[in-house]
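# Examination of the molecular architecture
What follows is each chain in one-letter form.
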Amino acid sequence: MEPFRVHTGIVAPLDRANVDTDAIIPKQFLKSIKRSGFGPNLFDAWRYLDRGEPGQDNSKRPKNPDFVLNHPRYQGASILLARRNFGCGSSREHAPWALADDGFRALIAPSYADIFYNNCFKNGLLPIVLTESEVDRLFHAVKAFPGLRLTIDLEAQAVHTPDGQHAYRFDVDPFRKHCLLNGHDDIALTLAHADEIKAFETKRLGEQPWLA
Amino acid sequence: MVSRTLYDKVFDSHVVRQEADGTALLYIDRHLVHEVTSPQAFEGLRLAGRKPWRAQSIVATADHNTPTKDWALGIRDPVSRMQVETLDANIRAVGAKAYFPFLDRRQGIVHVIGPESGATLPGMTVVCGDSHTSTHGAFAALAFGIGTSEVEHVLATQCLLIKKAKSMLIRARGKLPPGVTAKDLILAIIGRIGTAGGTGYAIEFGGDTVRALSMEGRMTMCNMSIEAGARAGMIAVDERTLNYIRGRPLAPAGEMWDRAAAHWRTLVSDPDAKFDLTHTIDAATIQPQVTWGTSPEMVVSVEDRVPDPDRERDPSRRDGIERALDYMGLTPNTPITDISIDKVFIGSCTNSRIEDLRQAAAIIRGRHIADNIRLALVVPGSGPVKAQAESEGLDRVFRDAGFEWREPGCSMCLAMNDDRLEPGERCASTSNRNFEGRQGAGGRTHLVSPAMAAAAAVAGHFVDVRRLVSRA
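Report on the accompanying structure. (Residues numbered from 1 in each chain as written. Chains lettered and ligands numbered in written order. Predicted model: local features only at pLDDT ≥ 70, side-chain atom pairs only at ≥ 80, totals over all residues.)

### Re the overall build of chain B
Spelled out, the test is: Numbering of helices and strands runs from the N terminus; a helix is a DSSP stretch of H or I covering at least four residues, while a strand is a stretch of E covering at least two. Only the C-alpha atoms count toward the radius of gyration. The rule for a globule is 2.2 Å times the residue count to the power 0.38. The exposure label follows from counting other C-beta atoms within 10 Å of a residue's C-beta, where the C-beta atoms are placed from the backbone and the thresholds are 20 or more for buried and 12 or fewer for exposed, leaving partly exposed in between.
When helices and strands are tallied, chain B shows 16 helices and 19 strands. For 472 residues, the compact-globule formula gives about 23 Å, and the C-alpha radius of gyration of chain B, at 21 Å, lands near that figure. In terms of overall dimensions, chain B has C-alpha extents of about 55 × 55 × 45 Å along its principal axes. For chain B, the proportion of its 472 residues judged to be buried stands at 60%.

### Considering the overall build of chain A
Our working rule: Contact between two residues is assigned when their C-beta atoms, built from the backbone, lie within 7 Å.
Summing up its helical and strand segments, chain A has eight helices and seven strands in all. The dimensions of chain A, computed from C-alpha atoms along their principal axes, are 65 × 45 × 25 Å. The proportion of buried residues among the 212 residues of chain A is 43%. For chain A, the proportion of contacts with a sequence separation of at least 24, taken over those separated by at least 6, is 67%.

### Here's the deal with the packing of helix H12 (residues 354-364) of chain B against helix H15 (residues 450-459) of chain B
Relative placement of two packed helices is described by the angle separating their axes and the distance separating the axes. Residues and elements named next belong to chain B. Rule in force here: Where helices are involved, their axes are fitted lines through C-alpha atoms of the stretch in contact, as for all axes, and angles between N-to-C directions lie from 0 to 180°. We call two directions roughly parallel when the angle between them is under 35 degrees, roughly antiparallel when it is over 145, roughly perpendicular when it lies between 65 and 115, and oblique otherwise. Working rule for handedness: look at the near helix, and if it is turned counterclockwise from the far one by less than a right angle, call the crossing left-handed; if clockwise, right-handed. We call Asp, Glu, Lys and Arg charged. Ala, Val, Leu, Ile, Met, Phe, Trp, Tyr, Cys and Pro are nonpolar, and the rest, Gly among them, are polar.
Taken N-terminus to C-terminus, the directions of H12 and H15 make an angle of 30 degrees; their axes are 8 Å apart at the nearest point. Classified by the interaxial angle, the pair formed by H12 and H15 is roughly parallel. In terms of crossing hand, the pair formed by H12 and H15 is right-handed. The residues of H15 that touch H12, namely those facing Asp356, Gln359, Ala360, Ile363 and Ile364, are Pro450, Ala451, Ala453, Ala454, Ala455 and Val458. Here the contact of H12 with H15 is built from residues that sort into nine nonpolar, one polar and one charged.

### Looking at the sheet that holds strand E3 (residues 30-33) of chain B
Residue and element names in this part refer to chain B. Applicable threshold: For two strands to pair, DSSP has to find at least two bridges joining them.
One open sheet holds the five strands; their spatial order is E5-E4-E3-E6-E7, and the pairing between them is parallel. The open sheet has two free edges, formed respectively by strand E5 (98-100) and strand E7 (142-145), since each of these has just one partner strand. Strand-to-strand twist of the sheet, defined as the mean angle between neighbouring strand axes without regard to direction, takes the value 15 degrees. Note: E3 against strand E6 (residues 125-128), three bridges, orientation parallel. Bridge assignment links Arg30 to a residue of E6, and that residue is Val126.

### A closer look at the interface of chain B and chain A
Contacts between the two partners involve 60 residues from chain B and, on the opposite side, 50 residues from chain A. For the side of chain B that touches chain A, the elements supplying multiple residues, two or more each, are strand E1 (15-18), strand E2 (24-27), helix H2 (39-47), helix H3 (78-94), helix H5 (148-157), strand E8 (159-162), helix H10 (254-264) and helix H11 (315-328) of chain B. No other element matches the six residues that H5(B) contributes to the side of chain B that touches chain A. The class makeup of the residues in the side of chain B that touches chain A is 22 nonpolar, 26 polar and 12 charged.

### Remarks on unusual backbone geometry
All names here are of chain B. Residues other than glycine seldom take positive phi values, yet Leu103 does so here, at roughly 85 degrees. Here Leu103 shows up in the loop between E5 and helix H4 (110-117). The class for Leu103 is partly exposed, based on 14 C-beta atoms found within 10 Å.

### Observations regarding the pairing of strand E1 (residues 6-14) of chain A
One ladder, built from five bridges, connects E1(A) with strand E5 (residues 149-153) of chain A; its direction is antiparallel. Following the sheet pairing, Thr8(A) is matched in E5(A) by Thr151(A).

### Focus on helix H3 (residues 94-101) of chain A
Residues and elements named next belong to chain A. With respect to burial, H3 is a largely interior element, seven of its eight residues being buried. Contact partners of the buried residues in H3: helix H1 (21-24), strand E2 (79-82) and helix H4 (114-121). Following H3 by one or two positions, Gly103 has its phi on the positive side, about 105 degrees.

### A few points about the sheet that holds E8(B)
Spatially, three strands are ordered E1-E2-E8 (chain B) in an open sheet, and the strand pairing comes out antiparallel. What marks the edges here is a single partner per strand, and that holds for E1 and E8 of chain B. Taken over all neighbouring pairs, the strand axes of this sheet differ in orientation by 20 degrees on average, direction set aside. Running over the sheet, helix H8 (residues 194-207) of chain A touches E1, E2 and E8 of chain B and is turned about 150 degrees from E1(B).

### A short note on the environment of Arg318(B)
All names here are of chain B. Residue placement: Arg318 occurs in helix H11. Classification of Arg318 by C-beta neighbours within 10 Å gives partly exposed; the count is 15. Separated by 52 residues in the primary sequence, Arg318 and Ala370 have C-alpha atoms spaced 35 Å apart. Apart from residues lying up to four places away in sequence, Arg318 is in contact with Pro309 and Glu312.

### Quick notes on the packing of helix H6 (residues 182-193) of chain B against helix H8 (residues 215-223) of chain B
Residue and element names in this part refer to chain B. For the pair H6 and H8, interaxial distance at closest approach is 8 Å and the crossing angle is 20 degrees. It follows that H6 is roughly parallel to H8 by the angle criterion. Regarding H6 and H8, the two cross each other, and that crossing is right-handed. Where H6 approaches H8, its residues Ala182, Lys183, Leu185 and Ile186 are matched on the opposing element by Gly217, Thr220 and Met221. Counted by class, the contact of H6 with H8 contains four nonpolar, two polar and one charged residues.

### Describing the environment of Cys222(B)
Residue and element names in this part refer to chain B. Residue position: Cys222 is located in helix H8. By C-beta crowding, Cys222 is classed as buried, having 30 other C-beta atoms within 10 Å. The spacing of Cys222 and Gly137 is 85 residues in sequence and 6.0 Å in space, taken between C-alpha atoms. Aside from chain neighbours lying at most four places away, what touches Cys222 is Ser134, Thr135, Gly137, Ala138, Gly233, Met234 and Ile235.

### Section: the nonpolar core
The test is simple: To define a nonpolar core, we join buried Ala, Val, Leu, Ile, Met, Phe, Trp, Tyr and Cys residues through C-beta atoms within 7 Å and take the resulting set.
One finds Leu81(A), Leu107(A), Ile108(A), Val344(B) and Ala456(B) to be the most contacted residues of the largest nonpolar core, which totals 210 residues. It is H15(B) that provides the largest number of residues to this core, a total of nine residues. If sequence neighbours within four positions are ignored, Leu81(A) has contacts with Val11(A), Ala12(A), Pro13(A), Leu14(A), Ile108(A), Val135(A), Leu138(A), Phe139(A) and Val142(A).

### Notes on the environment of Arg35(A)
Within the secondary structure, Arg35(A) is located in the loop between H1 and helix H2 (44-47). Assessed through the 19 C-beta atoms surrounding it within 10 Å, Arg35(A) is described here as partly exposed. Along the chain, Arg35(A) and Ile115(A) lie 80 residues apart, while their C-alpha atoms are 18 Å from each other. Sequence-distant contacts of Arg35(A), that is, excluding residues within four places in its chain, are made with Trp97(A) and Gln40(B).

Take a look at the structure:
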């Protein structure tokens, strides 16, 4: 996994609550057996005017000019600003894969659905939680200043505005932070405790043999 | 001894070790696997040169992509076929406790076949790359959905890194009125606490209303915990739980059963256990529910009207209502019973079990679907559910009424196969999500109980099923 330390990027605002993972990446793209290539189909039903199917040449499809990620000012955005309960619904990790594949490194919202939040950390994508009013302020700032860039410092747990005037502090679990800062492979970390797992398992299956 | 909740008991008994910040390494007993969220995990395992830790924990099936008719023709969509064949190959390579592949007579929706085969047992930790894994909590299992990276993590280590959730008790009291089901109860709960109401929590459903529910009804409740934002929903063990499990193919038998059952009976919250949050619901006041919008929390009773955004003061909520009404093609203040529908779907991991089909058939019997219904589908949750329904003659009841009787699978709940809504089509659906495009791009979903879906099929529009019950 790519480590996340400090990131500066353009912010794109997605001003609606309860954005679900079906909207982030529609079901027809879940038939892929790969982890990559989902970026062009991120928010497919909102992003294009036609009906998306796997295997299309997405560069030739008609784009919806009203959809915010298609606006010229947000091209190259790597930070998505969103509203409450972002990523609700299905557990599909294709949602963070699509966001990461489309160039996003971080999200800022007042809240996320649990499974989606968890999935982000597995893919080097940092989901930052700020308060409703802080998120509101950022929505105003993004609309007021074309090309607004923010700097996210994971070590310091802070989001900085370009003028250095404001810093928004955020919380993150120490263990998740540690893994993301170092780009750790969770599985390798867990397997370092293989003996403990084995001992636990032997005892458990011995006491409750119907679980074997 | 400190009083503990059911969630405390199951969680704590699976902790292998704990990090300083409370992150636990949690042992996983049962790993359910389906074709959509597993291929990248198996590939990751192979690329890293790792082997599954305990293949005997795996129970697998193909359900999301599989067609529900013309099985003799196989899977015609080559992309879907590739995904199902990849699962076949992966399970062949690593092994499993049980595998119910496409065309097997015990194949079905993963959350139906788990309990049905006895693969889901009380006190287990159960995971699957699918958010509706919460279903299995009806058996006092700690069951929750995970992403594909975590599927790989469980394959490789038999564990997950997870922090303990907060605990919520939803206590339902009183008797559900006739014609009102577990589906209406859970929809009403979601309407009250919202789709993020349970975020960060594991929910326990309790109270005399829940105790009186069948295991099918309890599964429907736990299934939709995730629609209330909670990864896990749980219900304590009682005799009904044990009666359901006894004799299932993968359940213990003989002396082993007695030992297991004695342990399982302890899987209840202690009387004075403390929950972080408690909600109390008066079940007797609940009416049949119908969703009108594009989130499961956008729900009203069948006697109500479509909401008016002008009455919502919160601008972000008003915006959400307006957007949903626009997508759904609905006018504010329209009576729910004036909404006519094009298609009916009875199925999904929420409502495709035998009791669901019986409830729908009881409404349909001797009646016919309305002329404006283009398609009415019944998709049983599994091969055994289908066989049971056929032995009771339910397939004839549905067919005679104009329904199509299909093969098992996820089908039009998420429309990964050919069963889907066309743009603008409106559906009465017993599934769990009414998101934009969920049942097909541009499709409009109204979530209801099986009985309400059946009643809507007969009337051609939503109708209070209690009127048909009293006439029946």
